[in-house]
Amino acid sequence: MECKPLFKPIHPCYEIQPGLLRLGELARVAVELEDADGSIRHMISLMDGSRSIDELHQELLPTYPYLTLDEVTEAVQTLDELGFLYDHTIDHFVPLDETQRERYRANIRYFMLQSRLSHPPSLSQHKICNAKVTILGSGGFGSSVLANLVGLGVQSVRLVDFDRVDLSNLNRQFLFTEENIGELKVEVAKRFVNRFNSSVEVETLVMEIDSVEVVEKAIAGSDLVVLAADQPFHIIQRWVNKACVKMGIPFIGGGMNLSIGSLFSVIPGETNCVDCNHLYRIRMIPDYEDLMEAGMIRNFISPTATTAANMSMMTGMISSEITRLLTGQGDMQTRNKVIYFNMDTFEKHLVEEIDRDIENCPTCGHGDSSQRIFRILDTEVFQKRGVVPRG
Ligand SMILES: [Zn+2]
């Protein structure tokens, strides 16, 4: 296939003074190029994806007879390195149908920002369309991520929850309405998706997540898991972590505690996992294990205290991470990091930089699961509370 460079339509190209071109507008994207004879501007105007490099050269020759094919090739390479081109030929062969190209036109234009001659923007959309995502929890967090994912173009989602719509959900859970009160959230969410995009496959599982084994059943066959449930606190993260690490499925999670929202991801075999995070905090916080033990025994379940605005900021950031994970474009911000945002100040409150702890982590490494922190989280606390853990 012959490369047919296309100057990305998301970037402007204009002369800011005679012989000086400006490409792009965004900070760090915009560049200025000297173009004394106007040949670069002329060449860019011809780069509509219909001409090979050789054909570009042939069309420029009558006006600029001194231009060589090597110079045109070099100019194309430079514009590609600067991020202004993609290859229309490769893009055209990405298997998306016309409806998908139309429906996701704005997504694809957004993906142009990071695309190159070697990576067409439609490829990112194609990867998203082919992903199978499981969302554990269909409350405020899960239903908001779900709406983002179907807008993004995910064509296969599995929703897991046992809860029913309550009047008190209707400050932030916009997939549900007053007439849905009392209905299963996963069923209402499924109807929302079916109405929004009839080509999306939605599978619903009405189940409570109460062990690693249940998580394994719920996530089988997924490319990505979103943990959008937080009870039992700390424990559910570890169940999902164990299942995902064992099955090699990446997962993204997060939460809200009053004005602080957090997000993190686990990519099995590559990054830190939830248990690595606990080991890191033992090193950073002198009385971490005592605090965790006291907290687990007291079992304080904080009442839901959040607004739609804060919830959508968090789920927006998580969905943005999911986009990078599914497309492979852009750097994931949560790779080896747990990030805490202050929703009132829009600032990062804290960033924990955590490497995978292969030596000590019992889940993604060779560590001992009888370390005190894991005894606290696994069994002791349940015994002290007088219940038997099923995990
Ligand atoms: Zn680990």
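Residues numbered from 1 in each chain as written. Predicted model: local features only at pLDDT ≥ 70, side-chain atom pairs only at ≥ 80, totals over all residues.

Side chains of a nonpolar character, in soluble globular proteins, are inclined to be buried together. One finds Ile135, Leu136, Leu224, Val225, Val226 and Val240 to be the most contacted residues of the largest nonpolar core, which totals 70 residues. Per-element tally for this core: the top contributor is helix 11 (residues 235-247), with seven residues. With sequence-adjacent residues up to four places away left out, Val226 is seen in contact with Val133, Ile135, Leu136, Val145 and Ile252. Of all hydrophobic cores here, the second largest spans 18 residues; its members include Met47, Ala75, Phe84 and Leu85. (Core = buried A, V, L, I, M, F, W, Y, C linked by C-beta atoms within 7 Å. Buried ≥ 20, exposed ≤ 12 C-beta atoms within 10 Å, placed from the backbone. Helix = DSSP H or I, 4+ residues; strand = E, 2+ residues; numbered from the N terminus. Contact = placed C-beta atoms within 7 Å.)

Within the secondary structure, Asp275 sits in helix 12 (residues 274-284). For Asp275, a count of 27 C-beta atoms within 10 Å gives the class buried. For the pair Asp275 and Pro362, spaced 87 residues apart in the sequence, the C-alpha separation amounts to 7.4 Å. Ignoring sequence-local partners within four residues, the contact set of Asp275 consists of Arg238, Asn241, Cys361, Pro362 and Thr363.

So, about the sheet that holds strand 4 (residues 31-34). Pairing in this open sheet of three strands is antiparallel, and the strands run 2-3-4 from one edge to the other. Of all strands in the sheet, those with a lone pairing partner are strand 2 (13-17) and strand 4, marking the two edges. The average undirected angle you get between the axes of adjacent strands in this sheet is 35°. For strand 2 and strand 3 (residues 20-23), the ladder comprises four bridges, and the chain directions are antiparallel. Bridging from a neighbouring strand, Tyr14 pairs with Arg22 of strand 3. Along the sheet, helix 1 (residues 39-46) makes contact with strand 2, strand 3 and strand 4, crossing strand 2 at roughly 160°. (Pairing = 2+ DSSP bridges. Axes fitted to C-alpha atoms, helices over the stretch in contact; angles between N-to-C directions.)

This next bit is on the sheet that holds strand 13 (residues 347-353). In spatial order, the strands read 8-7-6-9-10-11-12-13; together these eight strands make up an open sheet with mixed pairing. Among the strands making up the open sheet, the edge pair consists of strand 8 (201-205) and strand 13. The sheet shows a mean angle of 15° between the axes of neighbouring strands, direction not considered. Note that strand 9 (residues 224-227) and strand 10 (residues 251-257) share three bridges and pair parallel. Across the sheet, residue Val225 finds its bridge partner in strand 10, namely Phe251. Here helix 11 sits on the sheet in contact with strand 6 (132-136), strand 9, strand 10 and strand 11 (260-266), set at roughly 175° to strand 9.

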